[in-house]
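Structural features, examined
Each chain, letter by letter, is given below.
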Amino acid sequence: MRPVPPALGPLLLGSALAAASHPAIAARLGAGGAQRPLATGRLAALALNHLVLAATGLAIVAVLGIGLGLIATRPRFAAFRAGIDSLAALAQAVPPVVVVALALPVLGFGGPPTLLALVAYGIMPTLRGTVGALDAVTVEARERAQALGLTPAQILASIELPLAAAGLVDTLRTALVLAVSVTAVGALAGASTLGTPIVAGLQNQNIVAMLQGALATASLAFLGDAALLALGARLRRA
Amino acid sequence: MTARLLAGLAAAALLPALLALLPVLHLAPNRLVTGAPVMASDALGAWLWPVVALAALGPALLVAGQGRASAALAGLACLAALALLLLGLGAGAADLIAGKPPATRARLASGAWIGLIMLAGVAALTAGRARLPGAGFTAAAAVAAVLAGLWCSGSLDALSLAVELRIRSDSLGTAFRDHLALTFGALGLAACVTGGLALWRRGRGTVELVVSGVQVVPAVALLGGLVAAISALLAAAPALRGYGISALGSGPALLGIAAYLLLPLWRGQEAARRATDPDTLDAGRALGLTAGQILTTIRLPLGAPLFVGGLRVAVVQALGLATLGALVGAGGLGTLVFDGMAQFAPDLILLGALPIIVLALAAEGTLGSLEAALRRRWPR
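Residues numbered from 1 in each chain as written. Chains lettered and ligands numbered in written order. Predicted model: local features only at pLDDT ≥ 70, side-chain atom pairs only at ≥ 80, totals over all residues. Heavy atoms only, no water.

The line we're drawing: UniProt positions are given in the numbering used here, feature names are shortened, and annotations may be inferred rather than shown by experiment.
Looking up chain B in an unreviewed UniProt entry gives the name Osmoprotectant transport system permease protein, with the organism given as Methylorubrum thiocyanatum. What UniProt records for chain B under Subcellular location (unreviewed entry) is the sentence "Cell membrane". The record in UniProt for chain B states the following under Sequence similarities (unreviewed entry): "Belongs to the binding-protein-dependent transport system permease family."

Listed below in structure tokens is the structure:
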């Protein structure tokens, strides 16, 4: 019997949640309160906006976080490692809602404060995860490559990165889940994302729209997680 | 030697350059608009040069100097610069709003914020370099003492944050208490559930899967979903309303926050349980230790730092998530933040956000050093 691929669970759960956020089904689930479901087109537009915003944030976080992680693991920067760890802990202590709120007077409403919160909140976990993944590469593997006469750049490209690839994908999974979550919070700053029907629904008691937003947001997170799990499984096999 | 001197010079130039380039205050006709920027040279008046000198001296001594004495001196210079900067800003703000309509606000601007944070950060670094006992706490206590002293002397009263605080001191107190109640209520709930789940030996895999699955669901979505679920439940069984269950309020907030705390607490207790290997336990039994003695002399010392590590993550997360509780009407400091966002009033946002950040940093610092102390007490 072939083993069940790890991405199957989140994939099925994500698809089920997406189906449940369809107006016809959500209206059935959420009885009580006002019944003004969002049309499919509006929901899809919000989901697309959510996806674009989260993907932009994730791309910035991945480039900066992994880039800084690569720099921090080079031997000459070893002195900064303890500093990075405590900085990461401090950055995690400031909740994303607070970052969005503090950025609001400076950057105005909508996408920019959300994007800032995405980057501010995502970068330190990604950096720490990258450092962890590269640290997991054994000293023997590095020394063997050195003995073969590879340059540091070659060691990075052909030994360290391939060996750390699975760990890096796990780091990106955490960053993706954070990105989807923070983008939903961005609705509070007026960004039009899947958080918008939740926030608006809470204010005017539109339970069905709220449920649709919640289901669709969760579905997006699970589907993204499934995609990265599948990528990670491929890399492990390769 | 030259490199050290150059680095010291660069460190010395950093804060004065910042104060020269960025505005330190915003003078606004009311609490809702940003207002006109005021530069340090206009705002600080006679305080400018002492502040600049001390703000150059502190970082320069930290970078270029060696040994505990110069670090201690750098720390004192930073604290003095911090105090004088705040004093100057307070005096400058009082001068700026004197004779203006009562709605006029003098608000701290980017230069002042960055300067204050950097001075406090450098003070913390110097405390570490001077190897003071409990370096972080000493620095935090010193900064807090400076702030408290200035606050009590009334020299900060003209700054807009102080004005906002005076107006809202009652609601801030209530929000603070609600925030702590939400945090520790959810923590207690999550701890009880984790304890119960830990007893279910056979279901470990399922628990791990469910508990980490919850983390994927965005917090706003979980809270919204919980409110929808509870109101559907109430619509199906209206009799439940008689028991005080309602779709909005602290109920869904406590459930939602507790759901996210399960993962750190669960991982913490699992790691603590696995910290003792069977051989050690066998050796303990062979020595004739009772179960209680094994718990206190082997299991607790080996597991305690790992469990405290999980607890630290959980407390910090709970303090942040409690902010979102205001969305579903559970109160807490989030109320001030969201009110401020709705009114676009920066002072009100800060009034809610600063206590959250301070609480989270304090929890991180306290439990982090407890974890480190436990590790030192019982090295593995």
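On we go from here.
**Concerning the overall build of chain B**
The cut-off we apply is this: Per the convention used, a helix needs a DSSP run of H or I reaching at least four residues, while a strand needs a run of E reaching at least two, with both numbered from the N terminus. Only the protein chains shown count as cover for residues, and all accessible areas are computed by the Shrake-Rupley method using a 1.4 Å probe. His is not counted, nor are the chain ends, whereas Lys and Arg count as positive and Asp and Glu as negative. The atom standing in for a charge is NZ when the residue is Lys, CZ when it is Arg, CG when it is Asp and CD when it is Glu.
For chain B, the helix and strand inventory stands at 14 helices and three strands. Viewed in the frame of its principal axes, chain B has a C-alpha envelope of about 70 × 60 × 35 Å. Carbon and sulfur atoms make up 71% of the accessible area of chain B, which totals about 17,600 Å². Across chain B, the centroid of the 25 positively charged side chains sits 7 Å from that of the 15 negatively charged ones.

**Overview of the side chain of Thr171(A)**
All names here are of chain A. Applied cut-off: Burial classes: relative accessible area under 20% of the type maximum marks a residue as buried, over 50% as exposed, and values in between as partly exposed (1.4 Å probe, protein chains only). In this analysis, two residues are considered to be in contact whenever any of their non-hydrogen atoms come within 4.5 Å of each other.
Take threonine 171: it is sitting in helix α8 (residues 152–185). Classification of threonine 171 as buried rests on a relative accessible area of 10%. For threonine 171, the residues in contact, after removing those within four places along its chain, are Pro125, Thr126, Gly129 and Thr130.

**Re the interface of chain B and chain A**
This is how the line gets drawn: Each of two parts loses accessible area, computed with a 1.4 Å probe, when they are put together; buried area is these two losses added. A pairing counts as a salt bridge when a side-chain nitrogen of Lys or Arg comes within 4 Å of a carboxyl oxygen of Asp or Glu. Residues adjacent in sequence count toward polar contacts only when both atoms are side-chain atoms; beyond that, a polar contact is any pair of N or O atoms within 3.5 Å, and within protein one must be able to donate a hydrogen and the other to accept it.
Counting residues at the interface gives 35 residues for chain B, matched by 37 residues for chain A. Where chain B abuts chain A, roughly 2,800 Å² becomes buried across the two surfaces, and 86% of that area is made up of carbon and sulfur atoms. The three residues of chain B that bury the most area against chain A are Val216(B), Met341(B) and Phe344(B), which together make up 21% of that side's buried surface. The interface formed by chain B and chain A contains zero salt bridges. There are zero residue pairs in polar contact (both at pLDDT 80 or more) connecting chain B and chain A. Elements with a contribution of two residues or more to the side of chain B that touches chain A: α8 (204–216), α9 (219–236), α12 (291–324), α13 (334–343) and α14 (346–377) of chain B. Among the elements that make up the side of chain B that touches chain A, the one with the highest residue count is α9(B) (ten residues).

**Some details on the sheet that holds strand β3 (residues 105–108) of chain B**
Residue and element names in this part refer to chain B. What counts here: Only strands joined by at least two bridges in the DSSP assignment are considered to pair. Only the stretch in contact is used when fitting a helix axis, every axis being a line fitted to C-alpha atoms; angles between N-to-C directions are given from 0 to 180 degrees.
What the three strands build is an open sheet, ordered β2-β1-β3; its pairing is antiparallel. Two strands in the sheet have a free side with no partner beyond their single neighbour: β2 (36–38) and β3. Each neighbouring strand pair of the sheet contributes to a mean axis angle of 30°, computed without reference to strand direction. Here three bridges tie strand β1 (residues 25–28) to β2, and the two strands are oriented antiparallel to one another. Considered in β2, the bridge of leucine 27 is made with alanine 36.

**Re the pattern of salt bridges**
Residues and elements named next belong to chain B. Per the stated rule, a full pass over the model turns up 16 salt bridges over all chains. Across the salt bridge formed by arginine 273 and glutamate 270, the nearest N and O atoms sit 3.2 Å from each other. With arginine 273 and glutamate 270 both in helix α10 (residues 250–274) and three residues apart, this pair spans about one turn of that helix. Under the relative-accessibility criterion, arginine 273 is labelled partly exposed at 29%. Measuring nitrogen to oxygen at the nearest pair gives 3.2 Å for the salt bridge that ties arginine 285 to aspartate 282. Of this pair, arginine 285 and aspartate 282 both sit in helix α11 (residues 278–286), three residues apart, which is roughly one turn of that helix.

**Quick look at a nonpolar patch on the surface**
Residue and element names in this part refer to chain A. Heads up, the rule is: To count toward a patch, a residue needs a relative accessible area over 30% and no salt bridge; like charges are then connected within 9 Å, while nonpolar side chains (Val, Leu, Ile, Met, Phe, Trp, Tyr) are connected within 5 Å.
Judged by side-chain polarity, Ile60, Leu64, Leu68, Ile71, Phe77 and Phe80 come together as a nonpolar surface patch covering roughly 510 Å² of accessible area. Along the chain, the position of isoleucine 71 falls in helix α3 (residues 40–72). For isoleucine 71, a relative accessible area of 42% corresponds to the partly exposed category.

**Concerning the domain arrangement of chain B**
Interfaces are often sized by the amount of accessible area the parts lose when they come together. Residue and element names in this part refer to chain B. Using the following cut-off: Boundary definitions for the domains trace back to an automatic or database domain assignment. Polarity classes work like this: nonpolar for Ala, Val, Leu, Ile, Met, Phe, Trp, Tyr, Cys and Pro, charged for Asp, Glu, Lys and Arg, and polar for all others, with Gly in that last group.
The domains assigned to chain B are domain 1 (2–158) and domain 2 (167–377). On a C-alpha basis, the centroid separation for the pair domain 1 and domain 2 is 36 Å. Listed as interface residues are six residues of domain 1 and, on the opposing side, 13 residues of domain 2. Taking both sides of the interface into account, the surface hidden between domain 1 and domain 2 amounts to around 710 Å²; carbon and sulfur atoms contribute 53%. Contact with domain 2 buries area across many residues of domain 1, yet Arg31, Leu32 and Phe137 alone supply 57% of it, more than any other trio. Applying the counting rule to domain 1 against domain 2 returns two salt bridges. Residues of the side of domain 1 that touches domain 2, tallied by class, amount to three nonpolar, no polar and three charged.

**A word on the pairing of β3(B)**
If a strand is regular, its side chains alternate between the two faces of the sheet. Residues and elements named next belong to chain B. Across the two faces of β3 the burial is the same, with Arg105 and Arg107 and Ala106 and Leu108 all buried. Where β1 lies against β3, four bridges are found, and the strand directions are antiparallel. Bridge pairing in β3 links histidine 26 to arginine 107.

**Notes on the side chain of Asp347(B)**
Residues and elements named next belong to chain B. Among the structural elements, aspartate 347 can be located in helix α14. With relative accessibility at 2%, the residue aspartate 347 sits in the buried group. Leaving out residues up to four positions away in the same chain, aspartate 347 has contacts with Arg105, Arg107, Ser160, Leu161 and Glu164.

**Quick look at the packing of α10(B) against α12(B)**
Residues and elements named next belong to chain B. So the rule is basically this: The labels follow the angle: roughly parallel below 35 degrees, roughly antiparallel above 145, roughly perpendicular from 65 to 115, and oblique for the rest. The handedness criterion is simple: a crossing whose near helix is rotated anticlockwise from the far helix by less than a right angle is left-handed, and one whose near helix is rotated clockwise is right-handed.
The N-to-C vectors of α10 and α12 enclose an angle of 165°; their axes lie 7 Å apart at closest approach. What the angle tells us is that α10 and α12 run roughly antiparallel. Regarding α10 and α12, the two cross each other, and that crossing is right-handed. In this structure, α10 uses Ile257, Tyr260, Leu261, Pro264, Leu265, Gly268, Gln269, Ala271, Ala272 and Arg273 to contact α12, whose residues at the interface are Arg299, Gly303, Leu306, Phe307, Gly310, Leu311, Val313, Ala314, Gln317, Ala318, Leu321 and Ala322. By residue class, the composition of the contact of α10 with α12 is 15 nonpolar, five polar and two charged.

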